[in-house]
Amino acid sequence: MDRFIAKKRPRLSPSSVQQQTLPPDEDSTDMKLAILLSLFPDIEQDALLDILISSGGSIEDASAVVTAQRAYKPAKKRALGASAIQTSLTSHITTEAGLPPKKQLTRKGKTLHLFSPEDVAAHTPCTIIHNFLPQDEADALLLELLDESKHFSRYRFQLFDRTVESPHTSSLYVSTPEELRQQTSEYTYGGGFRSNVRQLTPYLRAVSAKVQRAVNDEIQKRIQTCYPDGEKLKYQSPKEWVPNAAFVNCYDGPTESVGYHSDELTYLGPRAIIGSLSLGVEREFRVRRTVASDDDERNESEVSPTGSTADSPSKRKATSKGTDVRADAQGQISIHLPHNSLLVMHAEMQEEWKHAIAPAQTVSPHPLSGNRRINITYRWYRDSLHPRNIPRCRCGTHAILRCVQRKRENRGRYMWMCYAGYEPGKKGCTFFQWAEFDDDGEPLWEIKPTEDEAPTLRNFIEEDDKQ
Ligand SMILES: O=C(O)CCC(=O)C(=O)O
Ligand SMILES: [Fe+2]
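In this numbering scheme, every chain counts its residues from 1 along its sequence in written order. All chains are assigned letters beginning with A, and all ligands numbers beginning with 1, in the order in which they are written. Where local features are concerned, this predicted model is filtered to residues with pLDDT of at least 70; where side-chain atom pairs are given and counted, the filter is 80 or more; whole-chain, interface and lining totals use all residues. Hydrogen atoms and water are omitted, and side-chain values are computed over all heavy atoms in the structure.

As annotated in an unreviewed UniProt entry, the protein chain carries the name Fe2OG dioxygenase domain-containing protein and comes from Aspergillus thermomutatus.

Here is the structure:
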């Protein structure tokens, strides 16, 4: 549900930099990749990422490589692509129950393809349930949302001096007309207000009860089998996961996609969990782990069960340039998402990994949807993170919540920052403030939030559904 490519804040002129702590330099690989994608829109994102890594993180060098390679292989899509390892791992690798193996499985420039739920649970921060709904219900939901998708739109944002559109369409769904009003005038998304918000449809609501049960079961299994001492993670909510917003994406044809990103945490809070239901055409969901920019590649052998790496300052190594591309040096994992599969993105996902729907060369048409894939991400917007409580920046919009992923010294810390600069026609400010939470992920506000009457979002499950 994020902007289609994670972005670095636009550079500000020295005169506009305020006297305050500026946030850590985040996501520079993604920004570089976004720039390369805009320069070479016909080349696959993965291929550009490989080239960026092998060029030591330099955009200039990477552009020169692409241009030179093109001279030899004109306009052949995927000609520069990463090679894939096609395998099912469970038959080859023994792991402790539910724990990721000690040895790193992915390598620079490689894509490891996972199909079975056991492999997905063991090697990624996700779990997957195939054939989640009875077939007729899955088909009915797909048909309902294909009809809805006529009203979807592309998300637009500002990247330097260009307005860019998401390479797929989407809409947000909430329960009531009042919530719809709030979503277009109080809640923001990537620095601006949403224009495309719709009211929950009958099947979206009916299915949410099943998603809620399954996601809560998967959370408990994950805690018991994967997390240290069988306890929830720090900042993860101990409460029941209750979806009250659904973000629906439509990918019409093989080239529609979403770039690598982690989801915006502003209303979901730290350690967000997302239930993601796939319908129609099967597509690849790619994940890659993010690591601190100054980490040694070797620390990949020290992966903890939560996916974070052990801190070993003695192994740190200074490098001359492009250190941030180390995060991508591990390659990526591809999870195949067939029709009617529920993927749960667990609490370690948004802070420590990035995800994408990769463009495909071809897709196998689905009998009901043709070349289209529908994806629903059910989300839990937290009452304590209602817009009325969130810090305002100097532009007047409220700040957005992010987690430091790359810089070792602040990795895992949360921050509020202005994102208005990404909204077409707006200029952002330099507002930045560290965000503090208690161990259960509830915000610790410096200033007590105002108490107004605006209702918080309602659970999708109505009282009648609970009986
Ligand atoms: O389509 C998908 O499976 C993922 C969509 C996604 O990442 C998002 O909406 O944030
Ligand atoms: Fe996402």
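## A closer look at the overall build of the protein chain
Looking only at helices and strands, the protein chain features nine helices and 20 strands. A burial count over the protein chain gives 58% of its 467 residues as buried. Residue contacts are counted whenever heavy atoms from the two residues lie within 4.5 Å of one another. Considering only residue pairs separated by 6 or more positions, the protein chain has 80% of its internal contacts joining residues 24 or more positions apart. Surface exposure here means Shrake-Rupley accessible area, sampled with a 1.4 Å probe, where a residue is shielded only by the protein chains that are shown. About 19800 Å² of surface is accessible on the protein chain, with carbon and sulfur atoms providing 51% of the total. Helix and strand assignments come from DSSP, with helices taken as H or I runs of at least 4 residues and strands as E runs of at least 2, each series counted from the N terminus. Here the term buried applies to any residue with accessible area under 20% of the maximum for its type, exposed to any over 50%, and partly exposed to those in between, with areas from a 1.4 Å probe on protein chains only.

## Considering helix α5 (residues 135–148)
Expected helix span is taken as 1.5 Å per residue step, with the number of steps being one fewer than the number of residues. With 14 residues, α5 extends 20 Å between its outermost C-alpha atoms, agreeing within 8% with the 20 Å of an ideal straight helix rising 1.5 Å per residue. Along α5, ten of the 14 residues are buried, which leaves the element largely enclosed by surrounding structure. Listing the buried residues of α5 in full gives E137, A138, D139, A140, L141, L142, E144, L145, L146 and E148. The inward-facing, buried residues of α5 abut β6 (169–174), β9 (197–199), α7 (202–226), β10 (245–252), β12 (274–280) and β17 (372–379).

## Some thoughts on the environment of T430
By the element assignment, T430 lies in the loop between β19 (414–417) and β20 (432–435). According to the relative accessible area criterion, T430 is buried, its value standing at 1%. A distance of 3.1 Å separates a polar atom in the side chain of T430 from a polar atom in the side chain of R394. Definition of a polar contact: a pair of N or O atoms within 3.5 Å, with one able to donate and the other able to accept a hydrogen when the atoms are protein atoms, and with sequence-neighbouring residues admitted only if both atoms are side-chain atoms.

## Considerations on the sheet that holds β19
One requirement defines pairing of two strands: DSSP has to find at least two bridges between them. The strand order β18-β19-β20 describes an open sheet built from three strands, whose pairing is antiparallel. The outermost strands of the open sheet, each flanked by one partner alone, are β18 (400–403) and β20. Direction aside, neighbouring strands of the sheet carry axes that sit 30° apart on average. Two elements, β18 and β19, share four bridges in a ladder whose sense is antiparallel. Looking at the pairing, L401 lines up with W416 of β19. Axis definition: a line fitted to C-alpha atoms, limited for helices to the stretch in contact. Angles are taken between N-to-C directions and run from 0 to 180 degrees.

## Let's talk about the environment of S116
Topologically, S116 is positioned in the loop between β2 (110–114) and α4 (117–123). What makes S116 buried here is its relative accessible area of 15%. Separated by 111 residues in sequence, S116 and Y227 have C-alpha atoms that sit 21 Å apart.

## A look at the packing of α5 against α7
Where α5 contacts α7, the two axes come as close as 9 Å, and the packing angle between them is 140°. Here α5 is positioned oblique relative to α7, judged by the angle of their axes. Between α5 and α7 the crossing geometry is left-handed. Across from E137, A140, L141, E144 and L145 in α5, the residues of α7 making contact are P202, Y203, L204, V207 and K210. Here the word oblique covers every angle except those under 35 degrees (roughly parallel), over 145 (roughly antiparallel) and from 65 to 115 (roughly perpendicular). Less than a right angle of anticlockwise turn of the near helix away from the far helix marks a crossing as left-handed, whereas a clockwise turn marks it as right-handed.

## A word on the domain arrangement of the protein chain
By convention here, the domain bounds are inherited from an automatic or database domain assignment. When the domains of the protein chain are assigned, the result is domain 1 (105–292 + 327–384) and domain 2 (391–435). Each of domain 1 and domain 2 has a C-alpha centre, and these two points are 23 Å apart. Computed with a 1.4 Å rolling probe, the buried area is the accessible surface lost when two parts are put together, summed over both parts. Taking both sides of the interface into account, the surface hidden between domain 1 and domain 2 amounts to around 1900 Å²; carbon and sulfur atoms contribute 55%. We count a salt bridge whenever a side-chain nitrogen from Lys or Arg sits within 4 Å of a carboxyl oxygen from Asp or Glu. Where domain 1 meets domain 2, there are zero salt bridges. The interface formed by domain 1 and domain 2 holds five residue pairs in polar contact (both at pLDDT 80 or more) in total. For the side of domain 1 that touches domain 2, the secondary-structure elements that each account for two or more residues are β4 (156–159), β8 (192–193), α8 (349–352) and β16 (353–357). Throughout this entry, Asp, Glu, Lys and Arg are counted as charged residues, while Ala, Val, Leu, Ile, Met, Phe, Trp, Tyr, Cys and Pro are counted as nonpolar. The remaining residues, Gly among them, count as polar. Residues of the side of domain 1 that touches domain 2, tallied by class, amount to eleven nonpolar, eleven polar and eight charged.

## Some remarks on the sheet that holds β9
The strand order across the open sheet built from seven strands is β3-β15-β12-β17-β10-β6-β9, with neighbouring strands paired in mixed fashion. Either end of the sheet is taken by a strand with one partner, and the two such strands are β3 (126–129) and β9. The mean angle between the axes of side-by-side strands here comes to 25°, regardless of whether they run parallel or antiparallel.

## Considerations on the coordination of the iron ion (ligand 2)
Think of the donor list as every N, O and S atom within 2.8 Å of the metal, or within 3.2 Å for Na, K and Ca; water never makes the list, so a site can look incomplete. Looking at the metal site, the iron ion (ligand 2) is ligated by H261 (NE2), D263 (OD) and H355 (NE2), spaced 2.1 to 2.2 Å from it. Ordering the donors of the iron ion (ligand 2) by residue number gives the pattern H-x1-D-x91-H. Like H261, the residue D263 is buried in the burial classification.

## Brief notes about the confidence of the model for the protein chain
When pLDDT is averaged across the protein chain, the result is 78; 70% of the residues are at 70 or more. What pLDDT reports is the predictor's confidence in each residue, on a scale of 0 through 100. Low pLDDT (under 50) marks residues 73–87, which in the prediction has 34 contacts with non-local residues, meaning those over four places away or in another chain. Across residues 292–327, where pLDDT falls below 50, the model places 78 contacts with residues more than four positions away in sequence or in other chains. As a predicted assembly, this complex carries a pTM of 0.76 together with an ipTM value of 0.99.

## Re the pattern of salt bridges
Counted under the stated rule, the structure contains 16 salt bridges. For the salt bridge of E165 with R156, the shortest nitrogen-to-oxygen distance reads 3.9 Å. Of the charged contacts, one joins E178 and R181 as a salt bridge, the two residues approaching to 3.0 Å between their closest N and O atoms. Of the two residues, E178 and R181 are both situated in helix α6 (residues 177–185); the distance of three residues between them amounts to about one turn of the helix. Residue classification places E178 among the partly exposed positions, given a relative accessible area of 29%. Taken together, the salt bridges that share partners define one network made up of E178, R181 and E186.

## What about the nonpolar core?
To form a nonpolar core, buried Ala, Val, Leu, Ile, Met, Phe, Trp, Tyr and Cys residues must be joined to one another through side-chain atoms within 4.5 Å. Residues C126, F285, I335, L343, Y381, Y414 and W416 are the most contacted members of the largest nonpolar core, which totals 45 residues. Looking at which domains feed residues into this core, each of domain 1 (105–292 + 327–384) and domain 2 (391–435) supplies at least three. Dropping the residues within four chain positions of it, I335 is found in contact with L114, V120, T124, C126, I128, R283, E284, F285 and L343.

## Overview of the packing of aromatic side chains
Any Phe, Tyr or Trp ring, taking Trp's six-membered ring, that has another such ring centre within 6.5 Å forms a pair; planes under 30 degrees apart are called stacked, those over 60 apart edge-to-face, and the others tilted. Tallied over the entire structure, the rule returns nine aromatic pairs. Measuring from ring centre to ring centre gives 4.6 Å for Y187 and Y267, while their planes differ by 65°; the resulting arrangement is edge-to-face. With Y187 in the loop between α6 and β7 (188–189) and Y267 in the loop between β11 (258–261) and β12, this residue pair connects regions lying 80 residues apart in the sequence. For the pair formed by Y187 and Y267, the shared burial category is buried. Ring geometry for Y187 and Y381: centres 5.7 Å apart, planes at 45°, overall tilted. Of this pair, Y187 sits in the loop between α6 and β7 while Y381 sits in the loop between β17 and β18, placing them 194 residues apart in sequence. Here Y187 and Y381 have matching classes, each one buried. Clustering of aromatic rings is evident, with ring pairs tying together Y187, Y267 and Y381. The positively charged end of R382 is found above the aromatic ring belonging to W380, 4.9 Å away from the centroid. Think of it as a cone above the ring: NZ of Lys or CZ of Arg counts as a charge over the ring if it is within 6 Å of the ring centre and within 35 degrees of the ring normal. The lysine or arginine in question, R413, covers the ring of W434, its NZ or CZ lying 3.9 Å from the ring centre.

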